[in-house]
Amino acid sequence: MEKDEITVLLDDYRKRNSARKLCLKPKFNEKAALVKFHPSINPQIIEWYLDKGYRGLILEGTGLGHVGKYCFSAIQGAIENDMLVAMTSQCLWGRLGMTVYDQGRDLIALGVLPLEDMLPETALVKLMWVFGQTTDIEKAKKLLQANIAHEISPRTLYD
Amino acid sequence: MNIEYSRIGLKVGLEIHQQLDTASKLFCSCNPQLFKGEPVTTFLRRLRPTQSELGQIDSAALFEFQKGVKILYEATSETACLVEMDEEPPHDLNQEAVETALVVALMIKAKPVDEIHVMRKTVIDGSNTTGFQRTCVVALGGEININEKKVPIQHVSLEEDAARKMKEEDQIIRYRIDRLGIPLIEVATSPVIHSPQEAKEVALTIGRLLRATRKVKRGLGTIRQDLNISIRDGALIEIKGVQKLDLVALIVENEVQRQLDLIKIRDELKEREVKARDIKEEFVDVTTIFKQTKCKVIQKALEQNKRVLAVKLPKFAGFLKRELAPGMRLGAEMAEIAHFWGRVGGIFHTDELPAYGITANEIHELAQSVSKAPLDSVVFVADTLENSNNALEAVVQRAREAINGVPEETRAANLDGTTRYMRPRPGAARMYPETDIPPIHLKNEYLRKLRDHLPEMPEQKMRRMKKEYALNLKLAKQILDSEYSDIFEIIAKETKVSPTIIAVTLTETLKALRREGTNTEKISSEQLRELFSLIDSVKTTKEAIPEIVTWLSKHEGATATRAVEVLELEMISQKELERMIDDLLEQNRTIMKERGKGAFGLLMGNVMKKVRGRAKAEVVTRILKKRLKEIIT
């Protein structure tokens, strides 16, 4: 802000809808976790979360959204036990591209949800909120992937 | 010249590329619009030859690389993101575009593929930041009907449009990447078209089909037709980028003429017994001859320490200046090829000299230095040694090809119906899979849904419009081919104005105004609807339409009501009209006395001129007739 002037930085800024009625949805479910992939990570961490009754897991993958193959069976186990597993990127300003390499395609085939350019921390808090709204995993998946408040930007710009 | 196309074995195939009017681009979420004005960002790239996934190096890419060509891309943040810059993998294939292509495919009874496989097609002119164009076949087969004849369709595909070239200066080519990635639908026919007129009709029919989807862009540059043309003994020539339908027939005619004349030159060269090995790549440096030249082009080159190189084309005299088709000569073709391979501005040849300030004396010296015989031709260029060498090598190559007749090549269409050399025809193996995008399976259930909701076929729509709105055939055709067919139906339904008047306004009136320089594209559908509702409620008349439309074209966003106010085109009250007529009759008493009832035509004309469309002609007629009768009797 400069001399009472407001500069809008978003190119798809949504104005407040004054006709809309305020509806508070404050419920959170804390059974969601964030796991950053790094070489030598122990996949048992994922199993531990599953054992402790966690309902959702945000992975912070490398590059376009990858984790080492040795984590696949743990991820598969989690998904088969109705855990929601979603991917984000650990790259600054990064965006997933999970169809470029086999690793990504395999993860999608396992059922990992790609979250485009959503920040890992944002995704974690959003997932907690999502499970505060619904217990249905299919509904939760849709809600997590929906762009509610600019947590996803469809385009990456160069500046 | 009359050519019997059936006798020369003419075969034409059409490829129609039409930009789709989707919400975003084919492989990202950018706005598929062009920007005006200055770019916000530019970035410089060089083409580097690398092995493709199939292990080949493109020889043309290698050549451009060796020439040190750089490409400057221009962008704005609304129209380009990292995908266009090739800094990010492509996103998913645009579903809206796929659906539109499928709708077109189903309309022509083509068979959708089971899986859409996106492919990469090598493009090395810099018009794609990636070095390839993404393309995918959506359906195969199908047919369209033209005058009882079935024209088979080979395939319906989706492609990303390329960046648009803005400028070319020395080593730097400028491209704007706003157009890059705009979805294009491609419909390709089999080469079964046998006359220029038929080519035009096929293009028209496909254009109508595409527009029936209501998902295509409008205006110049949004549709581009490629023509594949061959005749017996000629060659397959691909002509790219025909932007206007009206040019299709002319371009086919010109290309046939060009090939016929090249075949004639081939025969004459044979008579002169010219052999390919006689045309030698012996380039003579003739710079010293032009040290004192009056030729501005050469003067300028010599100031920059460039050289003049010459080559002899044995027994070619007369052929270079011979007109092949209107506006196209073999000499000009050589210049275009020399420009492509040597980046030279142009070539000189003895067929057209003396001219350009080059004297007979210089020509004489030039002839001596290459030992030119009377029937020989000499071609020379003034540029850097490397460029001149490349250019003359290309000229020699083209001369050798003339001995065999028509060389296969890709040509580009000019706006006047001529064509120019663009590049050699690419090899067949230019396609390889796009590895970033997985194949897309088309489900039967989805296709069934689309098939159940296909848009009205154009012929069907025309018949319906004729019947429903009592339009004559010509008008029905015109409105169908115009961009106003939808808005026509809306207006015809929501007002009681005669559909014929609406149709005439939206076609002939607007066309006439365009010809006078009115930018009718600025008129919105809303403005047109309002205009006709004003006519409907007798707030203004149809006679006032041209003036109102012209005003609206200059006042973007203004209402038709405002136009009527500003232009004072509100309907004149009956009283006022009667007063005006009385005044006029008063002024023309003598004429009335002389001509009696015969003065009606003249007086009517005067009244209508004065009311400028603010009164209905039938009302004026009624009052005028009545008054005239009163006065005369």
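Criteria and thresholds
- Residues numbered from 1 in each chain as written.
- Chains lettered and ligands numbered in written order.
- Predicted model: local features only at pLDDT ≥ 70, side-chain atom pairs only at ≥ 80, totals over all residues.
- Heavy atoms only, no water.
- Contact = heavy atoms within 4.5 Å.
- Buried area = accessible area lost by both parts, 1.4 Å probe.
- Salt bridge = Lys/Arg side-chain N within 4 Å of Asp/Glu carboxyl O.
- Polar contact = N/O pair within 3.5 Å; in protein donor to acceptor, adjacent residues only side chain to side chain.
- Nonpolar A, V, L, I, M, F, W, Y, C, P; charged D, E, K, R; others polar.
- Helix = DSSP H or I, 4+ residues; strand = E, 2+ residues; numbered from the N terminus.
- Buried < 20%, exposed > 50% of the residue type's maximum accessible area, 1.4 Å probe, protein only.
- Pairing = 2+ DSSP bridges.
- 1 Å grid on protein atoms, 1.4 Å probe; cavity = no way out; pocket = protein on both sides within 12 Å on 5 of 7 lines; lining within 4 Å.
- Points joined across faces, edges and corners; volume = space filled by probe spheres on them.
- Domains from an automatic or database assignment.
- Expected span 1.5 Å × (residues − 1).

### Comments concerning the interface of chain A and chain B
The accessible area lost on association of the parts is a frequent measure of interface size. Taken together, the contact pairs ten residues of chain A with 20 residues of chain B. Between chain A and chain B, the buried area comes to about 1300 Å², and carbon and sulfur atoms account for 58% of it. Taken together, chain A and chain B are joined by one salt bridge. The shortest N-O distance in the salt bridge between Glu 88 of chain B and Arg 95 of chain A comes to 3.4 Å. Counting the contacts that link chain A with chain B gives eleven residue pairs in polar contact (both at pLDDT 80 or more). Considered class by class, the residues forming the side of chain A that touches chain B number five nonpolar, two polar and three charged.

### Let's talk about the pattern of salt bridges
All names here are of chain B. Scanning all chains against the criterion turns up 56 salt bridges over all chains. A salt bridge links Asp 21 to Lys 217; the nearest nitrogen and oxygen atoms lie 3.8 Å apart. With Asp 21 in the loop between strand 1 (11-19) and strand 2 (41-46) and Lys 217 in the loop between helix 3 (196-212) and strand 13 (223-230), the pair connects residues that are 196 residues apart, well separated along the chain. We classify Asp 21 as partly exposed; its relative accessible area is 39%. Classification of Lys 217 as buried rests on a relative accessible area of 11%. We note a salt bridge from Glu 168 to Lys 165, for which the minimum N-O separation is 3.1 Å. Among the residues examined, Lys 165 registers a relative accessible area of 47% and is labelled partly exposed. Linked through salt bridges whose partners overlap, the residues forming this network are Glu 255, Arg 258, Glu 333, Arg 398, Glu 409 and Arg 411.

### Digging into the pairing of strand 9 (residues 149-160) of chain B
All names here are of chain B. Where strand 7 (residues 132-140) meets strand 9, five bridges bridge the pair, whose relative direction is antiparallel. In the strand pairing of strand 9, Ala 139 is matched with Val 156. Here strand 9 runs beside strand 12 (residues 183-189); their pairing, made up of seven bridges, is antiparallel. Each bridged residue has a counterpart across the sheet, and for Glu 160 the counterpart in strand 12 is Pro 183.

### A look at the sheet that holds strand 19 (residues 348-349) of chain B
All names here are of chain B. Spatially, four strands are ordered 15-16-20-19 in an open sheet, and the strand pairing comes out antiparallel. For this open sheet the edge positions go to strand 15 (284-285) and strand 19, each flanked by a neighbour on one side alone. As judged from the two bridges shared by strand 15 and strand 16 (residues 307-313), these two strands associate in the antiparallel manner. Each bridged residue has a counterpart across the sheet, and for Asp 285 the counterpart in strand 16 is Leu 309.

### Let's talk about the layout of surface pockets
All names here are of chain B. Computed from the structure, the second largest pocket encloses a volume of approximately 1200 Å³. Contributing elements (two or more residues each) for the lining of the second largest pocket: helix 3, strand 13, helix 11 (473-481) and helix 13 (499-515). Looking at the lining of the second largest pocket, the element that brings in the most residues is helix 13, giving six residues. Of the residues in the lining of the second largest pocket, the class split is eight nonpolar, ten polar and 13 charged. Taken domain by domain, the makeup of the lining of the second largest pocket includes at least three residues from each of domain 1 (11-236) and domain 3 (458-566).

### A closer look at helix 2 (residues 95-107) of chain B
Residue and element names in this part refer to chain B. The end-to-end C-alpha separation of helix 2 is 18 Å, in line with the 18 Å expected for 13 residues at 1.5 Å each. Burial in helix 2 covers these residues: Ala 97, Val 98, Thr 100, Ala 101, Leu 102, Val 103, Val 104, Ala 105, Leu 106 and Met 107. Of the residues flanking the start of helix 2, the one acting as N-cap is Asn 94, its side-chain oxygen 2.8 Å from the backbone nitrogen of Glu 96. Just downstream of helix 2, Lys 109 is the residue with a positive phi angle, here 60 degrees.

### Overview of empty space enclosed by the protein
All names here are of chain A. Enumeration over the complete set of coordinates arrives at three cavities of 30 Å³ or more. Of the pockets and cavities examined, the largest cavity occupies roughly 100 Å³. Across the lining of the largest cavity, the residue classes break down as six nonpolar, four polar and four charged. Lining the second largest cavity are Val 35, Phe 37, Ile 41, Asn 42, Pro 43, Ile 45, Ile 46, Leu 59, Val 67, Cys 71 and Ile 75. Looking at the lining of the second largest cavity, its residues break down into ten nonpolar, one polar and no charged.

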